[in-house]
Amino acid sequence: MKTELFTTSSADLKRAAELLKNGKRVVFPTETVYGLGANALDKDAVKSIFTAKGRPSDNPLIVHIADFSQVEEIAEDIPEKAKLLMKRFWPGPLTVILKRKDCIPSEVTAGLDTVGIRMPSNPAAREFLSLCNLPVAAPSANISGRPSPTDAKYVIEDMDGRVEGIIDGGECTVGLESTVIDMTGKIPVILRPGGVTAEDISELLGEVITGTKQTGDKEIPKAPGMKYTHYAPNAPVRILRGTIGEIEEFLRKRPALCGVLTFDEFKLDTDAIQISLGKKDNPNDCARNLFRALRDMDKMGAEEIYAPEIGSSGLWAAIRNRLYKSAGGHIINASDKEIIFVCTGNTCRSPMAEGLFNSLPDKGFFAASAGIFAETGNKPSENAIIALKEKGIDIKNHLARRLTPEMIESADLILPLTRKHKYAILSIDEKYADKVFTLGEFAGEDADISDPFGGSIEVYRSCANEIFDLVKKAYDRL
Ligand code: TXA
Ligand code: MG
């Protein structure tokens with residue numbers, strides 16, 4: 001498919017609007033992130049959005065409008081508080097969930113009886129939407145799971161050849177997706193933190209509930225779209241806790257090419273790639289730079305990305321939320337010791353062991369994995385992803401890597417899944433015998449885990465259970 005590029009001139013916006021009115025997809029800039037738009041009233045056009053993004057269809061889309069009068073065309077039973085909210089924060093980075101009218105097809109709302117509505121403030125978006133003169137369904141214009149695009153060049157990276165048109169409106173000023181607030185209940189619930197903060201909203205409305213409750217380190221998602229690992233670059237992201245000294249020491253010992261997100265005020269003494277999010281006291285800059293920083297890490301070849309833990313007041317809550325999502329909840333302490341699980345291809349057994357181990361409470365160890373004959377960059381096998389997803393663990397962003405002598409040297413403990421793997425490691429150097437044990441041995445059981453590769457989901461499920469049993473026993477012995 002040929003993708004047509006448009007500027008924000010009125011003539012171009014008119015042509016782009018015609019394209020959309022003809023059932024086609026047009027990516028347009030907003031102040032938050034770029035949106036992949038199609039006619040919200042046209043089922044087929046809406047379905048084609050999901051195809052372009054590779055997005056699961058159980059995740060509802062936001063409907064974008066240019067004029068307040070459109071709200072009543074697509075929503076009903078609009079509470080007074082919702083009206084206040086729209087009046088105060090629209091146009092702007094706020095999506096309001098209301099009861100939907102039947103004209104909105106269930107493809108937009110993933111079968112829910114509610115609809116998310118937003119009126120963006122970006123001038124080109126406003127002009128484009130009013131030229132379209134119909135509600136426009138638009139998710140962020142990234143391939144599903146990748147960081148949302150905050151500049152047309154990132155849209156082109158992800159969407160060239162997948163959509164009919166792209167409007168280049170330069171860099172987005174907010175840089176994080178809108179705040180999503182559910183106004184259908186008694187008390188407003190913030191489902192996704194964003195540019196309009198919880199503080200801003202409660203100043204206007206009184207009590208609001210923030211949907212992402214903190215339970216220990218993991219946040220429970222409320223918006224359907226928040227259950228997936230999101231905003232993730234290709235390399236795995238981890239939140240790294242610790243003092244500057246501990247973090248420098250940690251990075252020095254990592255065998256991989258690391259990337260670390262920092263602030264202008266901190267220059268770390270490390271060879272790792274450092275990208276600053278901005279000044280430590282300026283959340284606006286940090287929000288605007290975050291997704292670009294994650295994409296740049298990929299371009300610079302970072303194999304592991306470390307992000308700081310940050311506070312949760314005001315706009316920081318949204319930045320923190322995106323970082324936690326991109327890390328899939330994976331947080332480590334810089335002073336933690338490293339365990340490496342090892343199998344053959346690093347696509348089934350060892351990434352499952354890694355995910356299972358890291359789902360247990362932090363006990364001074366974090367897990368990684370590698371394969372003796374791994375082809376670096378391979379994705380985990382589909383059934384391994386599913387088997388762990390059933391346990392609430394997300395390993396779809398894992399990338400296979402081959403076990404190197406540097407990894408063996410720097411690890412504190414190495415737990416191969418079978419004896420064969422153990423002997424392969426010890427054949428490199430006997431001196432590692434005091435830190436290499438099969439997972440079975442370390443767990444106090446004489447069990448090798450056989451390779452589920454190519455097996456059915458049942459095979460993977462029982463393999464995951466077997467591994468989990470041993471991982472828990474090994475964990476207890478640490
Ligand atoms: O800033 C933004 O909101 C951008 C720009 C393009 O407007 N759009 C965006 O869309 O981020 P998307 O599809 O990537 O994220 C929409 C979020 C998802 O988490 C989805 O689950 C939630 O909004 N959402 C949409 N409709 C909903 C509904 N009816 N009930 C609950 N959550 C809803
Ligand atoms: Mg998105």
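Along each chain, residue indices are assigned from 1 in the same order as the chain's sequence is written. Note on labels: chains are lettered from A, ligands numbered from 1, in written order. The predicted nature of this model means local features are confined to residues of pLDDT at least 70 and side-chain atom pairs, given and counted, to a pLDDT of 80 or more, with totals for whole chains, interfaces and linings taken over all residues. Working from all heavy atoms in the structure, the side-chain values ignore hydrogens and water.

**Student:** Pulling in residues and values, what's your account of the pairing of strand 16 (residues 258–262)?
**Tutor:** Within strand 16, 5 of the 5 residues are buried, leaving the element largely enclosed by the surrounding structure. Any two strands between which DSSP finds at least two bridges are classified as paired. Helix and strand assignments follow DSSP, with helices taken as H or I runs no shorter than four residues and strands as E runs no shorter than two, numbered in order from the N terminus. Sheet topology places strand 16 next to strand 18 (residues 304–308); 3 bridges connect them, and they run parallel. Across the sheet, Val260 pairs through a bridge with Tyr306, a residue of strand 18. We call a residue buried when its accessible area falls under 20% of the maximum for its residue type, exposed when it is over 50%, and partly exposed in between, using a 1.4 Å probe and counting protein chains only.

**Student:** Please give an account of the sheet that holds strand 15 (residues 237–241) that cites residues and values.
**Tutor:** The strand order across the open sheet formed by 5 strands is 17-16-18-15-19, and the pairing between neighbours is parallel. Strands at the two margins of the open sheet, each flanked by one partner only, are strand 17 (273–276) and strand 19 (331–333). The mean inter-strand angle of the sheet, taken between neighbouring strand axes irrespective of direction, is 30°. Pairing geometry for strand 15 and strand 19, over 3 bridges, is parallel. The residue of strand 19 that forms the bridge with Leu240 is Ile332. Running over the sheet, helix 10 (residues 283–299) touches strand 16, strand 17 and strand 18 and is turned about 165° from strand 16. Helix axes use the C-alpha atoms of the stretch in contact, all axes being lines fitted to C-alpha atoms, and the angles between their N-to-C directions lie in the range 0 to 180 degrees. The contact rule is simple, with two residues in contact once any of their heavy atoms fall within 4.5 Å.

**Student:** So what about helix 7 (residues 152–159)? Which residues, and what values?
**Tutor:** Every buried residue belonging to helix 7 is among Ala152, Tyr154, Val155, Asp158 and Met159, and all of these are buried. Viewed along the axis of helix 7, the buried residues span an arc of 155°, placing them on a single side of the element. Looking at the buried side of helix 7, the elements it contacts are strand 2 (26–28), strand 3 (35–39), helix 2 (43–53), strand 9 (165–167) and helix 10. Immediately beyond the C-terminal end of helix 7, within one or two residues, lies Gly161, with a positive phi of roughly 85°. The arc in question is the one traced by the directions running from the helix axis out to the C-beta atoms.

**Student:** Go over the pattern of salt bridges, please, and point to the residues and values.
**Tutor:** What makes a salt bridge here is a side-chain nitrogen of Lys or Arg within 4 Å of a carboxyl oxygen of Asp or Glu, nothing more. Tallied over the full model, the rule gives 33 salt bridges. With its nearest N and O atoms 3.1 Å apart, the salt bridge here joins Arg25 to Glu164. Highlighted residues: Arg25 in the loop between helix 1 (10–21) and strand 2 and Glu164 in the loop between helix 7 and strand 9, separated in sequence by 139 residues. Judged on exposure class, the residue Arg25 and its partner Glu164 are both buried. Two residues, Glu177 and Arg322, come together in a salt bridge whose shortest N-O distance is 2.8 Å. Of this pair, Glu177 sits in the loop between strand 9 and strand 10 (179–182) while Arg322 sits in helix 11 (residues 316–326); the two residues are 145 residues apart in sequence, bridging distant segments of the chain. The exposure class of Glu177 is buried, given its relative accessible area of 4%.

Any functional reading would require information beyond the geometric quantities listed.
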